[in-house]
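Okay, here's what each chain looks like letter by letter:
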Amino acid sequence: MRSAWNGKSRLLALLCLVGVALVFLPGCDDAPKRPGEGFFWYPGFRDWWRIPLVFPWQIHIIDTFDWGDFEKYDPVSLVGGAKTTPFLDDITAFCDAENYWLFKDKKNRFYAFHIATEKLRKFEAEDELRLFLEIKKLPFSGWKDLKTLCDERWKVANKAGWDPARGFYVQKKISYGPRVPFKMPWQMILTDSGAYIGKYDPEQSFSKRLRPREWEKMTGNVTGIAWGETFIAFQQKSAKEPFGCLVCASGKFFYFPTQEKLYEFIRFSGFEIPSLELIQPREFYERRWQEVDKIRRTNPKALPVD
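Residues numbered from 1 in each chain as written. Predicted model: local features only at pLDDT ≥ 70, side-chain atom pairs only at ≥ 80, totals over all residues. Heavy atoms only, no water.

### Quick word on the overall build of the chain
The secondary structure content of the chain amounts to five helices and 17 strands. Relative to its 306 residues, the chain shows a buried fraction of 44%. Considering only intrachain contacts with a sequence separation of at least 6, the fraction spanning at least 24 residues in the chain is 44%. Put simply, the chain shows about 17,000 Å² of open surface, and 54% of that area lies on carbon and sulfur atoms. (Helix = DSSP H or I, 4+ residues; strand = E, 2+ residues; numbered from the N terminus. Buried < 20%, exposed > 50% of the residue type's maximum accessible area, 1.4 Å probe, protein only. Contact = heavy atoms within 4.5 Å. Areas by Shrake-Rupley, 256 points an atom, 1.4 Å probe, with all protein chains shown as cover.)

### Description of the pairing of strand 7 (residues 110-114)
Within strand 7, five of the five residues are buried, which leaves it mostly tucked inside the rest of the structure. On strand 7, burial covers both faces: F110, A112 and H114 on one face and Y111 and F113 on the other are all buried. Two elements, strand 6 (residues 100-105) and strand 7, share five bridges in a ladder whose sense is antiparallel. Along strand 7, the bridge assignment pairs F103 with Y111. (Pairing = 2+ DSSP bridges.)

### Quick notes on the sheet that holds strand 17 (residues 252-256)
Taken in spatial order, the eight strands line up as 10-11-12-13-14-15-16-17 in an open sheet, and their pairing is antiparallel. For this open sheet the edge positions go to strand 10 (173-174) and strand 17, each flanked by a neighbour on one side alone. Pairing analysis gives five bridges linking strand 14 (residues 219-227) to strand 15 (residues 231-236), with the strands arranged antiparallel. Paired with G224 across the bridge in strand 15 is Q235. Of the strands in this sheet, strand 15, strand 16 (243-247) and strand 17 touch helix 4 (residues 259-268), which is tilted by about 20° from strand 16. Sitting on the sheet, helix 5 (residues 281-298) is in contact with strand 11 (177-181), strand 12 (186-191), strand 13 (194-199) and strand 14, with an inclination near 55° to strand 11. (Axes fitted to C-alpha atoms, helices over the stretch in contact; angles between N-to-C directions.)

### So, the side chain of D105
Tracing the chain through its elements places D105 in strand 6. Using a relative accessible area of 4% as the deciding quantity, one classes D105 as buried. Of the polar contacts made by the side chain of D105, one reaches the side chain of Y111; its length is 3.2 Å. (Polar contact = N/O pair within 3.5 Å; in protein donor to acceptor, adjacent residues only side chain to side chain.)

### A word on the packing of aromatic side chains
Scanning the entire structure with this criterion turns up 32 aromatic pairs. Ring centres of F254 and F265 lie 4.9 Å apart, and the angle between their planes is 35°; this geometry places the pair in the tilted category. Of this pair, F254 sits in strand 17 while F265 sits in helix 4; the two residues are 11 residues apart in sequence, bridging distant segments of the chain. Classification of F265 by relative accessible area gives buried; the value is 17%. What links up through ring pairs into an aromatic cluster is the set F39, F40, F55, Y73, F168, Y169 and Y200. When the ring centre of Y285 is taken as reference, the NZ or CZ atom of R282 above it lies at 5.5 Å. (Phe/Tyr/Trp six-rings, centres within 6.5 Å; stacked < 30°, edge-to-face > 60°. Lys NZ or Arg CZ within 6 Å of the ring centre and 35° of its normal.)

### Points about the pattern of salt bridges
Scanning the model with the defined rule gives 15 salt bridges in all. E291 is the salt-bridge partner of R288, the closest N and O atoms lying 3.5 Å from each other. Highlighted residues: R288 and E291, both in helix 5, separated by three residues, approximately one helical turn. Among the residues examined, R288 registers a relative accessible area of 5% and is labelled buried. (Salt bridge = Lys/Arg side-chain N within 4 Å of Asp/Glu carboxyl O.)

### Points about the nonpolar core
Grouped together as the largest cluster of nonpolar side chains are 33 residues, with contacts concentrated most on F182, W186, M188, I197, I225, I232 and F284. Residue assignment for this core shows that the elements contributing at least two residues are strand 12, strand 13, strand 14, strand 15 and helix 5. The element that contributes the greatest number of residues to this core is helix 5, accounting for four residues. Counting residues in each nonpolar core, the second largest holds 23 residues, with L53, F94, W101 and L146 among its members. (Core = buried A, V, L, I, M, F, W, Y, C linked by side-chain atoms within 4.5 Å.)

### Concerning helix 5
Over its 18 residues, helix 5 extends 26 Å from the first C-alpha to the last, a length consistent with the 26 Å expected when each residue adds 1.5 Å. For helix 5, the set of buried residues is P281, F284, Y285, R288, W289, V292 and D293. Seen end-on, helix 5 carries its buried residues on one side only, within an arc spanning 160°. Turned more than 90 degrees away from the buried face of helix 5, the exposed residues are Q290, K294, R297 and T298. Packed against the buried residues of helix 5 are strand 11, strand 12, strand 13 and strand 14. (Expected span 1.5 Å × (residues − 1). Arc of directions from axis to C-beta.)

Here it is in structure tokens:
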């Protein structure tokens, strides 16, 4: 009687083991290796998923897509083992309403989150939320369950990653105008009406909108700009306090009446920069892309994130 453990059986068993490995191992070696990296390309692992919204906001899901947690990611940690600040638990549905995100939870409560100011408003009934949207003249496109939202967001993020003409450090122009990448998510857009500083989202890569949303335009009328790796210094036109500083890590803006006060704040904050020169946005656009293109050619890993 021949042994059942012949050459064909061993080959079949080996193939089965390889198949099992391919099912369970993807994601292990692909996890981001640096803090802040991978926000728009790391989906999670096994039964742990992420839905990226606008950096650093995400929805975190474990085991089931029936509900998830809305949270703020801390970019000093690894995306795959993130430190986060929870904002809402047990979210079951989502709706994008321009400058707001709308949420519904397991207890059938409703929330409106203002993206630019990070303010959260609670409603006990959907009618109250609808009235709020009507007063604000905001659209309501309908609720999406988390599985649908996850598929849509990763489809957008993956398109931005696959297309070499798109993405945070490769796309030089969107529908609003030429753009300058700083450090995720901060960017500057040059338009016919002036330059402004705001937040990046992969959806901008495919958007046909000619008017930016509020969270995409955190400060406008920029006439001078300087980039210090951890901060962005700028000057605005026709402002009571025309000089400002954006601290990239916290996302906080500080404004000053004079350039001397701005420089004093930068020195007091301990930001390391050998010299600070505010230059015109168009000239800065040329300089910044020369720097980014050189880094991408010689040392892509030196780019701050993603």
